[in-house]
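Observations on chain architecture
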Amino acid sequence: MARVPDLNVDLNRLRLANPILVASGTFGYAREMEAFARFENIGAVIPKTVTPQPRIGNPPPRTVETTSGLLNSIGLDNDGLDSFVEKHLPYLKELPTAVIANIAGHDVDEFEAMASVLDSTEGLAGIELNISCPNVSGGVDFGTNPQLAAEVVKRVRGRTSLPVIAKLTPNVTDIVAVAMAVADGGADAVSLVNTYQGIAVDWRKRKPVLGNVTGGLSGPAIKPLALCAVWKVACQVDIPIVGVGGISCLDDVLEFLVAGASAVQIGTANFYDPGLASRLVDELDGCLGELGVDSVGDIVGTLESAPAAAPAGKTTT
Amino acid sequence: MDAAAQSPLPGLVPAASQQTACVIEQVRMARDTYRLRLECPELARQIVPGQFFMVREQGGSDPLLGRPFALYDIVNNDDGDPIGVDFGYVVVGKLTSRMVDWQPGDTVDIWGPLGNGFPAPPDGHLVMVAGGIGQTPFLAVTREALGQRQYGDPPRDTPTRPGTLTLCYGARSEEYLAGIDDFTTDGLQVRVSTDDGSHGHHGLVTDLLKDLFRESPEPTAIYTCGPEPMMEAVAEIAAEHNTPCWASLETPMACGFGICFSCVTRIRLDDGQWDYRRTCVEGPVFRAEQLQW
Ligand SMILES: Cc1cc2nc3c(=O)[nH]c(=O)nc-3n(C[C@H](O)[C@H](O)[C@H](O)COP(=O)(O)OP(=O)(O)OC[C@H]3O[C@@H](n4cnc5c(N)ncnc54)[C@H](O)[C@@H]3O)c2cc1C
Ligand SMILES: Cc1cc2nc3c(=O)[nH]c(=O)nc-3n(C[C@H](O)[C@H](O)[C@H](O)COP(=O)(O)O)c2cc1C
Ligand code: FES
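About the thresholds
Residues numbered from 1 in each chain as written. Chains lettered and ligands numbered in written order. Predicted model: local features only at pLDDT ≥ 70, side-chain atom pairs only at ≥ 80, totals over all residues. Near = placed C-beta within 6 Å. Nonpolar A, V, L, I, M, F, W, Y, C, P; charged D, E, K, R; others polar. Domains from an automatic or database assignment. Core = buried A, V, L, I, M, F, W, Y, C linked by C-beta atoms within 7 Å. Buried ≥ 20, exposed ≤ 12 C-beta atoms within 10 Å, placed from the backbone. Contact = placed C-beta atoms within 7 Å. Helix = DSSP H or I, 4+ residues; strand = E, 2+ residues; numbered from the N terminus. Pairing = 2+ DSSP bridges. Axes fitted to C-alpha atoms, helices over the stretch in contact; angles between N-to-C directions. Right-handed = clockwise from strand over helix to strand, strands pointing away. Parallel < 35°, antiparallel > 145°, perpendicular 65-115°, else oblique. Left-handed = near helix turned anticlockwise from the far one by under 90°.

Some points on the site of ligand 1
Looking at ligand 1, there are 25 residues lining it, with Arg67(B), Gly93(B), Lys94(B), Leu95(B) and Thr96(B) nearest. Ligand 1 is flanked by residues contributed from chains A and B. A breakdown of the residues in the shell around ligand 1 according to their chemical character gives 16 nonpolar, five polar and four charged. When residues are assigned to domains, the shell around ligand 1 turns out to be shared by domain 1 (2–114) and domain 2 (125–290) of chain B, each giving three or more.

Take a look at the structure:
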């Protein structure tokens, strides 16, 4: 008889019922998913990024499909923190799953202030810091500067007892250095990765396709890149990793777990397969049972890479 | 629709679901234009005119996302029970050029019903102004307005005494005119314009609308769907005559049900400002005066 595997996941202070999460910006405020998702099957819901003030977002077109991928420049269109707390949190906290708020600020003070507000609300399991959005200009790009990234985490931790996840941008030369810095700063986990910067060109019109010119690439096209980021960080930094990038089926989930992710987030796939995240946990459960694995943690980071291939201090391509 | 527009969190899709649907038939309607019939009873039972659904090829990742298509009409079996939907499409890009090869028996993913749809047909003289493939939502509108069919679950009320109904339909040329036979029905007057004069009025579809305002009975409500410049011109004419006008937008969409925030359009606010709103859940049908073109 197949054993019943333990699907619980511990991301330091954050314990989740299973490792299948849904990614910020790809699940709305959960309400929109009611018809499609079984929330109790999802390890955690991460609503769209919230900023201190309302943001109108970028001019359309905001998305364009590329080969097996999606380029987006939504620009953090949201109604601001007060509205999030008033309009969305009351609904979110009733969901039969953990809710992790995802926040972004222009400077460290804004991150701190938002963390204080959220700390005093009820119903959140943790906070994910979006220090990685490629679509907003004007702010400091925390995610590309290890010291600043660590500073944000440290100051946020000073304002809240909630577990803190730092979501990193892959648009850096050395993501390991940033992961190391935020681990030192006190992050409970890192989410790897946000989108890869790209553009789409309409050569006939001699114009960029996106209203914002540049955007962030997501979807199956980026899966090998995201896997690589997870693997590099897993090899060198002692911090739980939430893998995200192009996951669209159970094999993808297992690849991320084996490469070193303790949990994963489903992003772009929600747009065309809104029931996917709810199904995956059952599929994972069945698969681990067949493998005879006691706990999902037993397969995390089990990649047998040749020592020569493991990244040294410098990143290789 | 109006209830949804007033809700503080408008545009949820409690009735929608994702299903596998079987292709029943594919018919050529006009140049580069086809009609696909999919078997999906649940969707067919719920959808109302002006709503849409997303269609996607199964399995692969290129094309990756679903594509939005408006309901052309529902398909009923001999007992009158809804079993499927028809939609018309023009070949313009990646998915639509592959759809041409879909055969009866092939299965595809479909999710809906999505969006708000047109309001139930008003009394009086309803004029529908269509440009190109923008004609597709109007077959179901026509059949509902004429009391030939009911849509929705529970079924929406249809007028007991149908008013006057006119379709103004503009196309590039005669070979692009699609579904004229479908629209040939008692109670609907069809007026056609083509850019090259190969059929009907030689000129703009808005010329046809202007003519209608010189005749009797005058239009009392206008529904429009097609290229945005055309709809903007229609909205202007409607405003000049103080005639209520609803426009159905064809904003590109990535999800169709409100989670990606890619399908935004500019909506006028009471204070004179505007804000982006999601077309897929707050539209695709808007009162024309709400739109900041
Ligand atoms: C609510 C709603 C209802 C609709 N109903 C209908 C309907 O009933 N019938 C119908 O035919 N259509 C309808 N549409 C439009 C339909 O969704 C599109 O025609 C369809 O998505 C095209 O898909 P595709 O994969 O074939 O084209 P895509 O490959 O997605 O291309 C679409 C268009 O964008 C352009 N494009 C794509 N990528 C680029 C790029 N990188 N640079 C420059 N240009 C680019 C293409 O040239 C093409 O004109 C509707 C749209 C909406 C929002
Ligand atoms: C349309 C869209 C909007 C997104 N918005 C956010 C956001 O608000 N905050 C954030 O941290 N990440 C955002 N992301 C990034 C995703 O959460 C995820 O990191 C990325 O898409 C890679 O995963 P995927 O390939 O599975 O989509 C967004 C992605 C997409 C496609
Ligand atoms: S298409 Fe995704 S929000 Fe409208």
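Re the nonpolar core
Among the nonpolar cores identified, the biggest contains 190 residues, and Leu129(A), Ala166(A), Ala179(A), Val182(A), Val190(A), Val230(A) and Val233(A) are the most heavily contacted of them. If near-sequence neighbours (up to four positions away) are discounted, Val190(A) is found in contact with Ile165(A), Ala166(A), Leu168(A), Ala179(A), Val182(A), Val233(A), Ile239(A) and Ile241(A).

Looking at the interface of chain B and chain A
Each partner contributes to the interface: chain B provides 27 residues, whereas chain A provides 31 residues. Secondary-structure elements contributing two or more residues to the side of chain B that touches chain A are β1 (17–30) and β15 (274–278) of chain B. When grouped by side-chain class, the residues that make up the side of chain B that touches chain A number 18 nonpolar, six polar and three charged.

Observations regarding the sheet that holds strand β16 (residues 285–287) of chain B
All names here are of chain B. One open sheet holds the seven strands; their spatial order is β11-β10-β9-β8-β12-β13-β16, and the pairing between them is mixed. Of all strands in the sheet, those with a lone pairing partner are β11 (201–202) and β16, marking the two edges. Bridge analysis of strand β12 (residues 221–225) against strand β13 (residues 245–248) gives four bridges, and the strand direction is parallel. Each residue of the ladder has a partner; that of Tyr223, found in β13, is Trp246. Across the sheet, helix α4 (residues 138–145) touches β8 (125–131), β9 (164–171), β10 (188–194) and β12, and the angle it forms with β8 is around 165°. Strand contacts of helix α6 (residues 205–213): β8, β9, β10 and β11, with the helix running at about 155° to β9, the strand carrying the most contacts.

What to know about the domain arrangement of chain B
All names here are of chain B. Along its sequence, chain B is carved into domain 1 (2–114) and domain 2 (125–290). One C-alpha centre belongs to domain 1, the other to domain 2; they are set 19 Å apart. The interface is formed by 30 residues belonging to domain 1 together with 29 residues belonging to domain 2. Secondary-structure elements contributing two or more residues to the side of domain 1 that touches domain 2 are β1, α2 (41–46), β3 (52–57), β4 (67–70), β5 (73–76), β6 (82–90) and β7 (107–114). Here the side of domain 1 that touches domain 2 gets four residues from one element, more than from any other, and that element is β6. Across the side of domain 1 that touches domain 2, the residue classes tally to 21 nonpolar, six polar and three charged.

Here we look at the site of ligand 2
Looking at ligand 2, there are 26 residues lining it, with Ala23(A), Gly25(A), Ser218(A), Gly267(A) and Thr268(A) nearest. At ligand 2, the nearby residues belong to more than one chain, namely chains A and B. Split by residue class, the shell around ligand 2 holds nine nonpolar, 15 polar and two charged.

Regarding the pairing of strand β10 (residues 189–192) of chain A
Residue and element names in this part refer to chain A. Alternating positions in β10 separate into two faces, Ala189 and Ser191 on one and Val190 and Leu192 on the other, with burial throughout. For strand β9 (residues 164–168) and β10, the ladder comprises four bridges, and the chain directions are parallel. By the bridge assignment, Lys167 is partnered in β10 with Ser191. Crossover connection from β9 via helix α4 (residues 175–185) to parallel β10: handedness right-handed. Pairing analysis gives three bridges linking β10 to strand β15 (residues 241–244), with the strands arranged parallel.

Some words on unusual backbone geometry
Residue and element names in this part refer to chain B. A cis amide bond links Asp153 to the next residue, Pro154, at an omega of 0°. Tracing the sequence through the fold places Pro154 in the loop between α4 and β9. A cis amide bond, omega 10°, links Gly283 with the succeeding residue Pro284. By the secondary structure assignment, Pro284 is in the loop between α8 (279–282) and β16.

Description of the packing of helix α5 (residues 223–236) of chain A against helix α6 (residues 250–259) of chain A
Each pair of packed helices gets described by two things: the angle between the helix axes and the distance between those axes. Residues and elements named next belong to chain A. Between α5 and α6, the least distance of the axes is 8 Å, while the angle of their chain directions is 25°. Comparing their axes, α6 and α5 come out roughly parallel. Taken as a pair, α5 and α6 cross one another with a handedness that is right-handed. Contacts from Lys223, Leu227, Val230, Trp231 and Ala234 of α5 reach α6 at Asp252, Glu255, Phe256 and Ala259. Taken together, the residues that form the contact of α5 with α6 break down as six nonpolar, no polar and three charged.

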